[in-house]
Amino acid sequence: MVGQQERNPIEMREESMKAIRSLTRGLAIAGVLILGCQSSDQESAEAVRVQDEAVSVLNDAVAAGRLATAPDRFVVRDLDQASEAAIAYHESTKNLGKAIRTPNVPAYDPESFARHIIEEHQQVPLSEGLRFTISTPKTDYVIGEPVIVRATIENVSDYVKVLPTKLDPQFQYNRFIITGPSGRLMGYSPVTIACTRGNLLDVELAPGESATEDIPIFFDKDGWMFSDVGEYRIQALYRGLTDDAERLDSNVVTIVVNPGTDLDQEAADLLMGGNEQGLFMMWGEGDHLEDGIAALRQIINLYPDTTAAFYARYALGSNMSVEFFDGRYNRHRPPQPLEVKRYMGPVVQAVLDGTAPRLAPSMLEKAFNALADAYDSLGDRDQARRIRAALLDVQTDVL
Amino acid sequence: MSRLRASLKCVATGVLAVPLLLGAGAAMGSTQQWSFPSVLPTDNDGLEVSEVSLRGQSMLYSASTPFFELNGQKYEFKDAYRVAGPALMEADGFAQVVATYAVPVSEGTVTARIAYTLVDQADEGSDDSQVSAWVQFEGPTGDYHFFWRLDPDVGSRTGTRPALLDGADMTPVLTESVVALGDRAYGIIDLNSYLEGTQLQLEPNPADGARVYTVAFHPGEADTHPRDLVDGESLERQGRTVDFVLWYETVLHDVSSGLTGPDMYARAAYRVNALVEQDKMTSVSFIEDGTTVYDEYRSMQSGFATAGINILDVKQDKSNIANDSSTTNAELHSIMLANKTYEYQDSTSQWYSWVGTVIKSSSGMGVLGIMFDDGSTNTDGKPRQGCAVFYEAHDTSWPEGDSMQAELLLSMTHETGHVYNQHHEDFCPGRVPMSKFKKGSSIMGYAFNNTNYWTFSTGSIYTMSSEAEQWSRPGHGVDFTTNGSYNMTDAHASKHVSTSCRWFCCFNQ
């Protein structure tokens, strides 16, 4: 309830003047000239009377339960109009109230919803005639090492199958569910949501034909996925939203993330210490991610022989091997062959020496082809040819 | 016990009143919610407020001062009887205009304070806000009848109807003209909106012995006293003209004082205003916000209006982004950070989001649009703020009668829906049980324009219009996804429908 105030006319006048000064400052900021505001003992008394009237209404409204709460403090202004028109068109009241609402709804528990996704997925009947498999190039990883999953859908039926073969989770046909070392259920959250309409992304898969994609899952919208040492179980759940591919469940792949050396851990801390590093490595490009690039360079300088440094070189070399449209300068930055040679050279050499981590097939191709292209650009076609030939040998070994 | 701390007498006349009070409002730091831009003391009708709106949505065209009958004789609050005010009281979320009248009556004098009070209750766990027209009176003992005329004005679109509310049910057909006391109430709803609940609701207060009359009112007719509605009479609105009014009557027996009058509860169809900035590459065109397809005019503005977001402008801003024939997600991210207009993005009364119209995705021609500014990609502290539409991907064959422009518009609206944290599982247009994800869907589904319902789902509407702003406001809320699922409330999740649903997907929506 709003209380009646014991009023001293002198205090009221001072308050009025204070309010006017405050108002004056506000208007001065807004560049508005004040005219017509007056303050006198008589007017202060009138203000008191007007205020009395207003407060009385509020008190009675609260007492009658017609108003839940009344404001503790407010400004009262007399809108008395002596003119015949008697219209007070006060735009100020367009700006009353609070547009911001305080959060009052609890967040949905993500892990519960991840379970819900699985349960809901399992209610859809499994589709026949399609084989959905995932694999990783190895089972043992060093902390911070990027995990790339190869996903393949193969038509094992005698009929043509129609389905979308975009297996990157950003298209939302395929989800990765990962059980971490602590048993916690983790869903992979892509950093982008790519959309189509109708069946525009559906393709025909002939009998025996397959679609394959290498998908980086080491980094998602929440950050780094494999940041703890231990065992991870990975499964992909696919829903193609077509008659032929309503639901496919992949096999489960198990990998182990190891702590590596002390230096590996320090390098991994730097690698996983920021989102820009993750974005840069996942996208394989991004000149504008300056903090991420700086961190990767620091890893190479401080921990040159670590696994993290190997992948940092790969990511920096990959970025420099492609044209990048840089919004900051509104132009394309062309490939930089010298930079590719600088970063990808050691990567390819490590592969050839047998000291590199076992790479996903797409990464292997990227490293060798990027370096070969760089040599081509620099005019050393013999070296480019040798590198491409070496790639064939390495791929044969890998396969 | 609360205390008033400030008092100000400021005589403002003519046009000077406008800048004067604008400055005062700014000094108080308040934000946009209620407005009643016209307070009108008149010779015959006393104090009247006009054009009362909530968050930019019209609620009352006018609310007149009551007249009253004392012991069977009618009296009016003429301006000649006004002895104080009108005064405006302002605080955050609160405004009241009050004036005092001394009306001579046969038995003496009735002193009455006429008040219009507007309270924002959004911060008290309610979506509704209150507007009340009260009289607080003292006078000779007797039987008092007060009559208020209230002209509802819930938007200028056709389709506005009064409804009789009975408990939780809402019947959008008027069946009687006088409402009996109880928990029934009148609501004024806009059938063009899928928002839940009414937009302006008037509940008779039993303590006041109150009754409500709804009266049809044809343009050009005078209407100065309640009369019965002819059952079945058309209440079709015609332009802005008020063609039906509410009369609110209270009956107080053998009293000498009291406070009485109607309390109305308003819900704005528009929760907030919004601005969408569209930047584009040089070789493509801006996507126009508005096109006619299948004889229906569709725009991003009309689409978001169904969820309470009032898009003031899809601002065609920068048109000089250099051409890139195939744009990657990293490049989109770079383009957005370099081109979005940062000065807009923190406004609380005008939410901001960004659309880039570019040539083609590096992921291929079937990709029409993308929301790429979620979570960890948010390197500028403004998650879920940007999306892109791939222009050339829309240059393909569409269902007969559809058009590239209409599909571009659908893509821009759909992607901006993601920016507002709405999901593909929000594809049910509401009360269309046969809807499926790719056919007969809402904006957030994958239906082409030929079967797309130009609306958001009931879940999206609930979240965007009613839930705390973190669940929808671009750049200032939760990330789109987390842990493989969407970031949302229990209430929103309960309204999701599987995109693989085949039959009667939206039966319970």
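Because the structure is predicted, anything quoted here is derived from the model rather than measured.

### Describing the packing of aromatic side chains
All names here are of chain B.
Thought 1: Across all of its chains, the model carries 24 aromatic pairs over all chains by this definition.
Thought 2: Between the aromatic rings of Tyr 344 and Tyr 352, the centroid separation amounts to 6.1 Å while the plane-to-plane angle is 45°, which identifies the pairing as tilted.
Thought 3: Overall, the relative accessible area of 25% leaves Tyr 344 in the partly exposed class.
Thought 4: Looking at Tyr 352, the relative accessible area reads 1%, which means it is buried.
Thought 5: Ring geometry for Phe 437 and Tyr 446: centres 4.6 Å apart, planes at 35°, overall tilted. One exposure class covers both Phe 437 and Tyr 446, and it is buried.
Thought 6: Put simply, the rings of Phe 68, Tyr 75, Phe 77, Tyr 101, Phe 137, Tyr 144, Phe 146, Trp 148 and Tyr 248 touch in pairs and so form one group of aromatic residues.
Thought 7: Taking the ring centre of Phe 67 as reference, the NZ or CZ of Lys 74 above it sits at 4.2 Å.
Thought 8: Directly above the ring of Tyr 462 sits Lys 495, whose terminal nitrogen or CZ lies 4.6 Å from the centroid.

### Things to note about helix H5 (residues 458–466) of chain B
Every α-helical turn comprises 3.6 residues, leaving residues that sit three or four positions apart pointing alike.
All names here are of chain B.
Thought 1: Among the nine residues of H5, eight are classified as buried, and the element is accordingly described as predominantly covered.
Thought 2: Taken together, the buried positions of H5 are occupied by Thr 458, Gly 459, Ser 460, Ile 461, Thr 463, Met 464, Ser 465 and Ser 466.
Thought 3: Summarising the contacts, the buried residues of H5 are in contact with helix H2 (300–305), strand E22 (309–316) and helix H6 (490–493).

### Remarks on the pattern of salt bridges
Residue and element names in this part refer to chain A.
Thought 1: What the rule picks out here adds up to 24 salt bridges over all chains.
Thought 2: The residue Arg 328 makes a salt bridge to Glu 290 at a minimum N-O spacing of 2.2 Å. With Arg 328 in the loop between strand E15 (324–326) and strand E16 (331–333) and Glu 290 in helix H6 (residues 290–302), the pair connects residues that are 38 residues apart, well separated along the chain.
Thought 3: Glu 339 serves as the salt-bridge partner of Arg 342, at 3.4 Å between the closest nitrogen and oxygen. Residue Arg 342 and its partner Glu 339 are both found in helix H8 (residues 337–353); the two are separated by three residues, about one turn of the helix.

### Focus: the layout of surface pockets
Thought 1: In this structure, the largest pocket spans a volume of roughly 1000 Å³.
Thought 2: Lining the largest pocket are 34 residues, and of these Asp 214, Pro 216, Met 282, Trp 283 and Gly 284 of chain A lie nearest its centre.
Thought 3: For the lining of the largest pocket, the elements supplying multiple residues, two or more each, are strand E10 (210–216), helix H5 (275–283), helix H7 (307–320) and helix H9 (361–378) of chain A together with helix H3 (329–339) of chain B.
Thought 4: The residue makeup of the lining of the largest pocket, split by class, is 19 nonpolar, nine polar and six charged.

### Some points on the side chain of Ser 334 of chain B
Thought 1: Tracing the chain through its elements places Ser 334 of chain B in helix H3.
Thought 2: Residue class for Ser 334 of chain B comes out buried when judged on its relative accessible area of 1%.
Thought 3: Other than its neighbours up to four places away in sequence, Ser 334 of chain B contacts His 288, Phe 324, Phe 325, Asp 326, Gly 327 and Arg 328 of chain A.

### Quick word on the confidence of the model for chain A
Residue and element names in this part refer to chain A.
Thought 1: Of all residues in chain A, 78% attain a pLDDT of 70 or more, and the chain-wide mean is 81.
Thought 2: This model gives residues 1–40 a pLDDT under 50, and the stretch forms 72 contacts once residues within four places in sequence are excluded.
Thought 3: Per-residue pLDDT stays below 50 along residues 81–107; that stretch engages in 94 contacts with residues further than four places along the chain or on separate chains.

### Focus: the environment of Thr 292 of chain B
Residues and elements named next belong to chain B.
Thought 1: Note on placement: Thr 292 falls in strand E20 (residues 291–293).
Thought 2: Classification of Thr 292 by relative accessible area gives exposed; the value is 53%.
Thought 3: Distance in space between the C-alpha atoms of Thr 292 and Gln 405 is 9.3 Å, their sequence separation being 113 residues.

### Some details on the sheet that holds strand E6 (residues 174–179) of chain A
All names here are of chain A.
Thought 1: A sheet is described by the order of its strands in space; here five strands give the open sequence E3-E14-E13-E6-E7, paired in mixed fashion. The two strands at the open ends of the sheet, each matched to only one other strand, are strand E3 (140–142) and strand E7 (185–187). On average, adjacent strands in this sheet sit at an angle of 30° to one another, irrespective of strand direction.
Thought 2: Relative to strand E14 (residues 248–258), strand E13 (residues 230–238) runs antiparallel, the two sharing eight bridges. Within E14, the position partnered with Ile 234 by the bridge is Val 253.

### Re the environment of Asn 174 of chain A
Residues and elements named next belong to chain A.
Thought 1: Locating Asn 174 in the fold gives a position in strand E6.
Thought 2: Overall, the relative accessible area of 1% leaves Asn 174 in the buried class.
Thought 3: A sequence separation of 65 residues divides Asn 174 from Arg 239, and the C-alpha atoms of the two residues are 6.4 Å apart.
Thought 4: A polar atom in the side chain of Asn 174 sits 3.0 Å from the backbone oxygen of Leu 167.

### Remarks on the environment of Ile 177 of chain A
Residues and elements named next belong to chain A.
Thought 1: Mapped onto the secondary structure, Ile 177 falls in strand E6.
Thought 2: As a C-alpha pair, Ile 177 and Ser 189 span twelve residues in sequence and 9.7 Å in three-dimensional space.
Thought 3: If sequence neighbours within four positions are ignored, Ile 177 has contacts with Ile 118, Leu 185, Met 186, Gly 187, Arg 233, Ile 234, Gln 235 and Leu 237.

### Section: the side chain of Ser 465 of chain B
All names here are of chain B.
Thought 1: Tracing the backbone through its elements, the reader meets Ser 465 in helix H5.
Thought 2: We classify Ser 465 as buried; its relative accessible area is 12%.
Thought 3: At 2.5 Å, the side chain of Ser 465 and the backbone oxygen of Ile 461 are in polar contact.

### Focus: the sheet that holds strand E2 (residues 130–135) of chain A
Residues and elements named next belong to chain A.
Thought 1: With antiparallel pairing, the three strands of this open sheet are ordered in space as E2-E4-E10. Two strands close off the open sheet at either side, each with one partner strand: E2 and E10. With strand direction ignored, the average angle separating the axes of adjacent strands in the sheet is 15°.
Thought 2: Pairing geometry for E2 and strand E4 (residues 148–155), over six bridges, is antiparallel. Bridge pairing in E4 links Arg 131 to Glu 154.

### Quick word on the nonpolar core
Thought 1: Counting 153 residues, the largest nonpolar core has Ile 217, Phe 226 and Phe 368 of chain A as the members making the most contacts within it.
Thought 2: With near-sequence residues (within four places) excluded, Ile 217 of chain A lies in contact with Val 147, Val 149, Phe 176, Ile 178, Tyr 188, Met 225, Phe 226 and Ile 234 of chain A.
Thought 3: Ranked by size, the runner-up nonpolar core spans 36 residues in total, among them Val 52, Ala 63, Leu 202 and Ala 210 of chain B.

### Focus on the pairing of strand E19 (residues 272–280) of chain B
All names here are of chain B.
Thought 1: Of all nine residues in E19, nine are buried; the element is thus mostly enclosed.
Thought 2: What you see with E19 is no split at all: Val 272, Ala 274, Val 276, Gln 278 and Lys 280 on one side and Asn 273, Leu 275, Glu 277 and Asp 279 on the other are buried throughout.
Thought 3: Both E19 and E22 contribute to a ladder of seven bridges, which runs parallel. Pairing of Glu 277 across the sheet is with Lys 315, part of E22.
Thought 4: Where E19 and strand E23 (residues 350–358) come together, eight bridges link them in parallel fashion. Paired with Gln 278 across the bridge in E23 is Val 355.

### Some remarks on the packing of H5 of chain A against H6 of chain A
All names here are of chain A.
Thought 1: Two elements in contact, H5 and H6, have axes separated by 7 Å at closest approach and are oriented at 85°. Classed by the angle they form, the pair H5 and H6 counts as roughly perpendicular. Every residue of H6 that contacts H5 at Glu 276, Gln 277, Phe 280 and Met 281 is listed here: Glu 290, Asp 291, Gly 292, Ile 293, Ala 295 and Leu 296.
Thought 2: Its residues assigned to classes, the contact of H5 with H6 shows five nonpolar, two polar and three charged.

Cut-offs and rules
Residues numbered from 1 in each chain as written. Chains lettered and ligands numbered in written order. Predicted model: local features only at pLDDT ≥ 70, side-chain atom pairs only at ≥ 80, totals over all residues. Heavy atoms only, no water. Phe/Tyr/Trp six-rings, centres within 6.5 Å; stacked < 30°, edge-to-face > 60°. Buried < 20%, exposed > 50% of the residue type's maximum accessible area, 1.4 Å probe, protein only. Lys NZ or Arg CZ within 6 Å of the ring centre and 35° of its normal. Helix = DSSP H or I, 4+ residues; strand = E, 2+ residues; numbered from the N terminus. Contact = heavy atoms within 4.5 Å. Salt bridge = Lys/Arg side-chain N within 4 Å of Asp/Glu carboxyl O. 1 Å grid on protein atoms, 1.4 Å probe; cavity = no way out; pocket = protein on both sides within 12 Å on 5 of 7 lines; lining within 4 Å. Points joined across faces, edges and corners; volume = space filled by probe spheres on them. Nonpolar A, V, L, I, M, F, W, Y, C, P; charged D, E, K, R; others polar. pLDDT = per-residue confidence, 0-100. Pairing = 2+ DSSP bridges. Axes fitted to C-alpha atoms, helices over the stretch in contact; angles between N-to-C directions. Polar contact = N/O pair within 3.5 Å; in protein donor to acceptor, adjacent residues only side chain to side chain. Core = buried A, V, L, I, M, F, W, Y, C linked by side-chain atoms within 4.5 Å. Parallel < 35°, antiparallel > 145°, perpendicular 65-115°, else oblique.

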